[in-house]
Amino acid sequence: MKKTFIILCIGAVLCSCTKYLDIKPYGQTIPQTAEEFSALLHYHLDLIDQGEETILGNISSVCDYECYTDNLEAILQSYPKGNYIPLYIGDHLNDKQLYYSNLYAVIRDCNIIIDGLEERNTQVGKDVLGTAHAIRGVCYYNLLRNFCEPAVNNGNGLGVPVVTHFDMEDRVLRSTISQTVQQAESDMLAAISYDISDEIYRFNSDVMRGYLARLYFWAGNWSDAIVYARQVLEKYPLLSGNAYLSMMQEATTMTGNMLIKSCIHSDKRAEYNSAMDYVACRPVSKSLVDLYDADKGNDIRYSLSFSSRRILIKNAFSCLRSAEMQLILAESLYHDNDTEGALSALNEFRRNRITGVTDYTMETLPAVNEDDIIKEDALGNSMTPLLYAILNERRKEFFMEGDRWYELKRNGRPEMWTTKNGLKYTTFEYMYTFPLPVEDIELVEGLVQNPGYDEAI
């Protein structure tokens, strides 16, 4: 009887396990064909068009990043609308942990495609694989800029976990910054090699050359940044006059020499207007306005950016456009010890923005403003008039495009502060590098948190 009871129990357990293993995932299966994998990609591509932040950023994130910087005067913020925007980066550091997780969720889907797609020789297959590599590369670039310390001369610093295969049980530790750069580079070059032909996939070879220029620039690989910036500029030359004005006045349309842009659905206009309405509660900083003193009557960006009362009027964008390539070119030439080439690239840029401008010479470059928040360059050297002029053009050009935060991070991570209700709020140096999620630190033994957050989060 006892033996029979044991057999019955074992049988019951086995039946129970078999039943458990036979449970169907209710239609959830790994895609098989290129078209099915394409649908997985289009989910993420549609999120870009809708203005979701993870891959390309969106209007809300751009406005937030501007609010973290010295481009807008937090101390002069008006209320009650001003309560809806961050006072400083400290308001959002906890939220950045979700951004980290979202980036890896996209990387997971790209890994599924790259590992699982068998149809690799058809044009659809090549487009799908190329786009998966492109998006994965962009995600690693985003992780590098946000969750690692500045990359220039810091190759052995803490990178992020590099995950290139789908494995639910994998617990990967942090790579080095150089290894993270190499992964992003490998994916971007792979994307170019597939020569994505269908424009619906967005991340064509021109876009990826632009991203490679961004990546090399961030990593301090100046010679390669020069090569790829020039390649993009050959096909997408700078705009000026009415053509530039028309491009910059299109809030939710990709036009002009923009290579890729988020939030381009027409039904996002109301959401866009709402975000812009809130951020306009914070006046444009005097230090930014003062950059126009010599040319404000002729600089097309002056009346495009803010009113006479320093009220924001410029559209916010999250995009890649060729003006960035020209300024990457100028600064990379400078760091590559080609000051003549850097000055020439700077002058070419200014001629496309300022009517009747006189070219700078090394002798006529304005002096460095000692009160500027940036005191050193990406290499830790003191600021020179030429580099200062390049950075000032970048600050004016990409105001309300989320660029200034990363310029501050690249160039010394200067501390800033503001006040509210009798309290002082400081952006410390460590805050330019965001925290990894606490749950990841607790789950993965040996995973190292970024400096400054062991007790702060």
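Residues numbered from 1 in each chain as written. Predicted model: local features only at pLDDT ≥ 70, side-chain atom pairs only at ≥ 80, totals over all residues. Heavy atoms only, no water.

**With respect to unusual backbone geometry**
Cis geometry marks the peptide bond from Tyr79 to Pro80, where omega comes out at 15°. Counting through the fold element by element, Pro80 comes out in the loop between helix 4 (59-67) and helix 5 (96-116). Phi angles above zero are rare outside glycine, and Asp195 is one such case at about 45°. Asp195 sits in the partly exposed class, given a relative accessible area of 48%. (Helix = DSSP H or I, 4+ residues; strand = E, 2+ residues; numbered from the N terminus. Buried < 20%, exposed > 50% of the residue type's maximum accessible area, 1.4 Å probe, protein only.)

**Concerning the pattern of salt bridges**
Following the criterion strictly, the structure yields 30 salt bridges and no others. Note that Arg404 is salt-bridged to Asp70, the shortest N-O span being 2.9 Å. With Arg404 in helix 17 (residues 404-410) and Asp70 in the loop between helix 4 and helix 5, this residue pair connects regions lying 334 residues apart in the sequence. In this pair, the class of Arg404 matches that of Asp70, namely buried. Measuring nitrogen to oxygen at the nearest pair gives 2.8 Å for the salt bridge that ties Asp290 to Lys286. Residue classification places Lys286 among the partly exposed residues on the basis of a relative accessible area of 46%. What emerges from the salt-bridge pattern is a single network uniting Asp295, Asp299, Arg301, Lys314, Arg321, Arg350, Arg353, Glu393, Lys396, Glu397 and Glu401. (Salt bridge = Lys/Arg side-chain N within 4 Å of Asp/Glu carboxyl O.)

**Description of the packing of aromatic side chains**
A complete count under the given rule lists 21 aromatic pairs for this structure. An angle of 70° between the planes, with centres 5.5 Å apart, marks the rings of Tyr68 and Trp405 as edge-to-face. With a gap of 337 residues between them, Tyr68 in the loop between helix 4 and helix 5 and Trp405 in helix 17 connect regions that are remote in the sequence. Assessed through its relative accessible area of 2%, Tyr68 is described here as buried. For the pair Trp405 and Tyr432, a centre-to-centre distance of 4.5 Å together with 20° between the ring planes defines the contact as stacked. One end of the pair, Trp405, is in helix 17; the other, Tyr432, is in the loop between strand 4 (423-427) and helix 18 (438-443), with 27 residues separating them in the sequence. Of the two residues, Trp405 and Tyr432, both sit in the buried class. (Phe/Tyr/Trp six-rings, centres within 6.5 Å; stacked < 30°, edge-to-face > 60°.)

**Regarding the side chain of Asn392**
Within the secondary structure, Asn392 sits in helix 16 (residues 385-397). Residue Asn392 is classed as buried on the basis of its relative accessible area of 13%. The residues touching Asn392, leaving out its near neighbours within four places in the chain, are Leu291 and Asp372. (Contact = heavy atoms within 4.5 Å.)

**Describing the packing of helix 2 (residues 34-50) against helix 5**
Between helix 2 and helix 5, the least distance of the axes is 10 Å, while the angle of their chain directions is 160°. Here helix 5 runs roughly antiparallel to helix 2, going by the angle between their axes. When you trace helix 2 past helix 5, the crossing you get is left-handed. For the pair helix 2 and helix 5, contact is made by Phe37, Leu40, Leu41 and His44 and by Val106, Asp109, Ile112, Ile113 and Gly116, respectively. Grouping the amino acids of the contact of helix 2 with helix 5 by side-chain chemistry returns 6 nonpolar, 2 polar and 1 charged. (Axes fitted to C-alpha atoms, helices over the stretch in contact; angles between N-to-C directions. Parallel < 35°, antiparallel > 145°, perpendicular 65-115°, else oblique. Left-handed = near helix turned anticlockwise from the far one by under 90°. Nonpolar A, V, L, I, M, F, W, Y, C, P; charged D, E, K, R; others polar.)

**Regarding the nonpolar core**
Formed by 105 residues in total, the largest nonpolar core has its most connected members in Ile135, Leu143, Phe147, Phe203, Met208, Tyr211 and Trp405. If sequence neighbours within four positions are ignored, Met208 has contacts with Ala134, Val138, Met188, Ala191, Ile192 and Phe203. Residues Ile59, Cys67, Ala251 and Ala275 belong to the second largest nonpolar core, which totals 22 residues. (Core = buried A, V, L, I, M, F, W, Y, C linked by side-chain atoms within 4.5 Å.)

**Considering the state of the cysteines**
Inspection of the entire model under this criterion finds 0 disulfides. Here Cys63 is not cross-linked by a disulfide; its sulfur's nearest cysteine counterpart is in Cys67, at 6.8 Å. Relative accessible area serves as the criterion here: at 5%, Cys63 is assigned to the buried category. In this structure Cys110 is a free cysteine whose sulfur lies 6.0 Å from that of Cys139, the closest cysteine sulfur available. (Disulfide = S-S within 2.5 Å.)

**Describing empty space enclosed by the protein**
The full count for this structure, using the stated rule, is 5 cavities of 30 Å³ or more. Approximately 390 Å³ is the volume attributed to the largest cavity. In terms of lining residues, the largest cavity is bounded by 26 residues, among which Leu56, Arg145, Ser318, Glu401 and Tyr406 are the most central. Contributing elements (two or more residues each) for the lining of the largest cavity: helix 3 (53-56), helix 4, helix 6 (123-147), helix 8 (205-219) and strand 2 (319-321). Of the residues belonging to the lining of the largest cavity, the class tally is 11 nonpolar, 7 polar and 8 charged. Its volume calculated, the second largest cavity comes out at about 80 Å³. (1 Å grid on protein atoms, 1.4 Å probe; cavity = no way out; pocket = protein on both sides within 12 Å on 5 of 7 lines; lining within 4 Å. Points joined across faces, edges and corners; volume = space filled by probe spheres on them.)

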